[in-house]
Amino acid sequence: MKKIAILASGSGSNAENIIQFFKHHPNIQVDSVWSNKRDAFVLERAERLKVEAHPFSMDEFISTDKLLNEFKKREIDLIVLAGFLLLLPQKFVREFLVVNIHPALLPSYGGKGMYGVHVHNAVIANKELESGITIHLVDEVYDHGKVLFQAKCAVESQDTPETLALKIHELEMEHFPRTIEALLSGSD
Ligand code: GRF
């Protein structure tokens, strides 16, 4: 059985979707969900879905190897960043396969500060005709690793950041779990 650890900072709709997708999967399971925010809704969602949910401190994440060692102990095969707002320290990237989802077509609209509604605001301000999602491997640079999958949607003149976010959300729900499944099926 391949094991996933999900890191998330916010609402966790992607985390929930991934948990549901792999619930009865023969080879892949979501081991646990981890958040840098003690009150993140993602932790409640995970508990409701009977998946272990853990908040962690910056100290456990960065200064000590507590979290890293915990993932090793659990024999995690893949770390999934699902709305995780911190840069992952290099030590995680060296030890684990890590995947992230970004709500735009990288390399455009990536980098520091480009998350959530800020991305959609920028896309609309620049009158882009399309946006989409990018699912990519994570390396030490924000929004930089190898692209595994992209899907596009149209940006129409009447779109607002909120309506665009809904379109992007649909793409995320459809494609993130399947891309994770393909990634883990291709790795030994
Ligand atoms: C998603 O739009 C994802 O692309 C981005 O953060 C958002 C997380 O939303 N990285 P949720 O917490 O999964 O609802």
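Our subject is the structure that appears above.
Rules used in this analysis
- Residues numbered from 1 in each chain as written.
- Predicted model: local features only at pLDDT ≥ 70, side-chain atom pairs only at ≥ 80, totals over all residues.
- Heavy atoms only, no water.
- Near = heavy atom within 4 Å.
- Polar contact = N/O pair within 3.5 Å; in protein donor to acceptor, adjacent residues only side chain to side chain.
- Areas by Shrake-Rupley, 256 points an atom, 1.4 Å probe, with all protein chains shown as cover.
- Nonpolar A, V, L, I, M, F, W, Y, C, P; charged D, E, K, R; others polar.
- Axes fitted to C-alpha atoms, helices over the stretch in contact; angles between N-to-C directions.
- Helix = DSSP H or I, 4+ residues; strand = E, 2+ residues; numbered from the N terminus.
- Parallel < 35°, antiparallel > 145°, perpendicular 65-115°, else oblique.
- Left-handed = near helix turned anticlockwise from the far one by under 90°.
- Contact = heavy atoms within 4.5 Å.
- Buried < 20%, exposed > 50% of the residue type's maximum accessible area, 1.4 Å probe, protein only.
- Arc of directions from axis to C-beta.
- Phe/Tyr/Trp six-rings, centres within 6.5 Å; stacked < 30°, edge-to-face > 60°.

Visitor: Teacher, can you tell me more about the site of the ligand here?
Guide: Close to the ligand lie Ser11, Gly12, Ser13, Asn14, Gly83, Ile101, Pro103 and Glu172, which account for all nearby residues. The backbone of Asn14 places a nitrogen or oxygen atom 2.8 Å from an oxygen atom of the ligand. In the complex, 79% of the free accessible area of the ligand, which totals 360 Å², lies under the protein chains. Tallied by class, residues from the shell around the ligand come to two nonpolar, five polar and one charged.

Visitor: Would you mind going over the packing of helix α1 (residues 13–22) against helix α2 (residues 41–48) with me for this structure?
Guide: Any two packed helices are characterised by the angle at which their axes cross and by the distance between the axes. At a closest axis distance of 9 Å, the pairing of α1 and α2 adopts a crossing angle of 20 degrees. When the axes of α1 and α2 are compared, the pair comes out roughly parallel. The handedness of the crossing between α1 and α2 is right-handed. For the pair α1 and α2, contact is made by Ser13, Ala15, Glu16 and Ile19 and by Val42, Arg45, Ala46 and Arg48, respectively. Taken together, the residues that form the contact of α1 with α2 break down as four nonpolar, one polar and three charged.

Visitor: Help me understand helix α4 (residues 66–73) in this model?
Guide: Since the α-helix advances by 3.6 residues per turn, residues separated by three or four positions end up pointing in the same direction. Among all positions in α4, only Leu67, Leu68 and Phe71 are buried. Buried residues of α4, viewed axially, fall in a sector of 105 degrees; they line one side. Opposite the buried face of α4, at more than 90 degrees from it, the exposed residues are Lys66 and Lys73. Of the surrounding elements, those touching the buried residues of α4 are β1 (2–7), β2 (28–35), α3 (58–63), β4 (78–81) and α5 (90–95). One or two positions beyond α4, positive phi appears at Glu75, with a value near 55 degrees.

Visitor: I keep staring at the packing of aromatic side chains and nothing clicks. Help me out?
Guide: Aromatic ring pairs are reported here in terms of the distance separating the ring centres and the angle at which the planes meet. Within this structure, the stated rule accounts for eight aromatic pairs. With centroids separated by 4.8 Å and ring planes inclined at 80 degrees, the aromatic side chains of Phe21 and Phe22 adopt a geometry described as edge-to-face. Take Phe22: its relative accessible area is 2%, and that puts it in the buried class. Ring geometry for Phe61 against Phe84: centres 5.7 Å apart, planes inclined by 85 degrees, an arrangement best described as edge-to-face. Separated by 23 residues along the polypeptide, Phe61 in helix α3 and Phe84 in the loop between β4 and α5 bring together distant segments of the chain. Each member of the pair Phe61 and Phe84 is classed as buried.

In short, shape yes, function no, at least from these values alone.
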